[in-house]
Amino acid sequence: MYVDEAVTFLVLNQNDANHESIKNEIKKHEDNLKFLNSQSNRLAESILDLQVSLGRYHSCSVITPDNGSGPSNTEDDTTPSITEDDTTEQILKKENSAAGIFCWLKANAQTSNLALEKDAVGVVATLARVESDELSRILSEYLGLETMLAIVCSTNEGVNALEKYNPEGTINCNAGLHGIGSSIKKNVNGRFAVICLESFRPYVGGFVANDPQKKLAIPKPRFPNEECPAGFFDYAVNMLYLESNNLSFVTSSGHGLRETLFYGLFSGLQVYRTRNEMMSALPCIDEGAVSLDGGMIKKNGMFVLGSRKDVEVKFGIFSGRSGVVPPNYSQAEEVVRRLKWESTKLAEDIQREQQLLDHLKAKSANKVA
């Protein structure tokens, strides 16, 4: 009796020890998988970042309208930048527009007559530049002339200062922007758009680490297999270049122009190299997309077809290519190849660990049964 009980006790202890050993092995392989997956995700992000940077390098030599594939060579190292002043000149040509009058007043230091000196930020078209004419054309067309000419104010106080009304509700042409325009023989014709930043809900997802332009950390579009769509450059909101004064601007709540004004205007709008690549990426497009050869999706399910229209007032162009392109293109391509090789090896390691883990879990289940 005692011998049988002792044997049973030893067997049970041995089984418990084996079971505990299997549990420890399972834990070890689960930890290995967790580490390998984190490394794989890190590599995938690095590959995507480099591919986006390399892809944007080609945005200067895209697509002729006739066949959608040939280079247009619209920008090279000698391409002059188009400054905020150049864009302002375009706006001033629209003499009877609110934006034109506003820019004239600002240029001539006349805004002190309005409650705008501290509140008026500027006209949308003057607040950012982009890196190529193609990008300028498509983003300006996407927003439309009315929005490009919209006057941006920090608060509702600035909005209210632009236009005053008579008791019966008609516009008081002797006050606000209308009054100052009349005094310099420049009349506001028709309606005009005004944007109030304090009414915008800012992007709350944070910024790209160590990025001098404070780009927004928006997750890149991906197919179910985790690949980034071919031809994807970036989100429109992150392809805008802000001058230092616009970059340092903050609202009373501490938010900048990129995460308020431009995120409000563009949201998650994606930019692709060609229309074909944009259409191939449809499963990844939720908030609209454009392509540098003129393709446009306003939002999911709403396509804009027909001939493209050149908006009279466009974003300016900057020539700071070094800020968006790796300094050594061929080395960057080599890094992408090496990272892809490392990613393949990691995938093999992950598969091996998963097989070992599945085997141990099955073995543990059998012992419990």
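Asks: Before we go on, may I ask you to explain the side chain of Glu259 in this structure?
Replies: Relative to the helices and strands, Glu259 is located in helix α9 (residues 258-266). For the buried Glu259, no salt bridge is present, and the opposite-charge side chain at shortest range is Arg258, 6.3 Å distant. A polar side-chain atom of Glu259 sits 2.6 Å from the main-chain amide nitrogen of Gly256.

Asks: Any chance you could explain the nonpolar core here in plain terms?
Replies: Most often, soluble globular proteins have nonpolar side chains that are buried together. Ranked by size, the top nonpolar core spans 66 residues in total, and within it Val124, Leu139, Leu261, Phe262, Phe266 and Phe315 carry the most contacts. Dropping the residues within four chain positions of it, Leu139 is found in contact with Val130, Ala236, Leu240, Phe266, Leu269, Val290 and Phe315. If you look at the next biggest cluster of nonpolar residues, it comprises 12 residues, including Ile26, Leu36, Leu339 and Ile350.

Asks: Would you mind showing me how to read the sheet that holds strand β5 (residues 232-235) here?
Replies: Backbone hydrogen bonds are what pair the strands of a sheet, in a parallel or an antiparallel way. Strands sit in the order β5-β6-β7-β8-β9 across an open sheet of five strands; the sheet is mixed. Pairing within the sheet leaves two strands with one partner each, and these edge strands are β5 and β9 (302-304). Each neighbouring strand pair of the sheet contributes to a mean axis angle of 25°, computed without reference to strand direction. Both strand β7 (residues 289-291) and strand β8 (residues 296-299) contribute to a ladder of two bridges, which runs antiparallel. Across the sheet, the residue bridging to Ala289 is Ile297, located in β8. Packed on one face of the sheet, helix α4 (residues 133-143) meets β6 (270-272), β7 and β8 and runs near 35° to β8.

Asks: Sorry if this is basic, but what is going on with the packing of helix α3 (residues 98-107) against helix α7 (residues 176-183) here?
Replies: The relative placement of two packed helices comes down to the angle between their axes together with the axis-to-axis distance. Running from amino to carboxyl end, α3 crosses α7 at an angle of 70°, the nearest separation of the two axes being 10 Å. In terms of orientation, α3 and α7 fall into the roughly perpendicular class. The interaxial crossing formed by α3 with α7 has left-handed handedness. On the side of α3, the interface is formed by Ala98, Ile101, Phe102 and Leu105, while α7 contributes Leu177, Ile180 and Gly181.

Asks: Looking at this structure, how should I read α7?
Replies: Owing to its 3.6 residues per turn, the α-helix aligns residues three or four sequence positions apart on the same side. Burial of α7 is extensive: six of the eight residues sit out of reach of the surface. Taken as a whole, α7 has its buried residues at Gly176, Leu177, His178, Gly179, Ile180 and Gly181. Those residues of α7 hidden inside the fold are in contact with α3, β3 (151-153) and α6 (156-162).

Parameters at a glance
- Residues numbered from 1 in each chain as written.
- Predicted model: local features only at pLDDT ≥ 70, side-chain atom pairs only at ≥ 80, totals over all residues.
- Heavy atoms only, no water.
- Helix = DSSP H or I, 4+ residues; strand = E, 2+ residues; numbered from the N terminus.
- Buried < 20%, exposed > 50% of the residue type's maximum accessible area, 1.4 Å probe, protein only.
- Lys, Arg positive; Asp, Glu negative; His and termini not counted.
- Salt bridge = Lys/Arg side-chain N within 4 Å of Asp/Glu carboxyl O.
- Polar contact = N/O pair within 3.5 Å; in protein donor to acceptor, adjacent residues only side chain to side chain.
- Core = buried A, V, L, I, M, F, W, Y, C linked by side-chain atoms within 4.5 Å.
- Contact = heavy atoms within 4.5 Å.
- Pairing = 2+ DSSP bridges.
- Axes fitted to C-alpha atoms, helices over the stretch in contact; angles between N-to-C directions.
- Parallel < 35°, antiparallel > 145°, perpendicular 65-115°, else oblique.
- Left-handed = near helix turned anticlockwise from the far one by under 90°.

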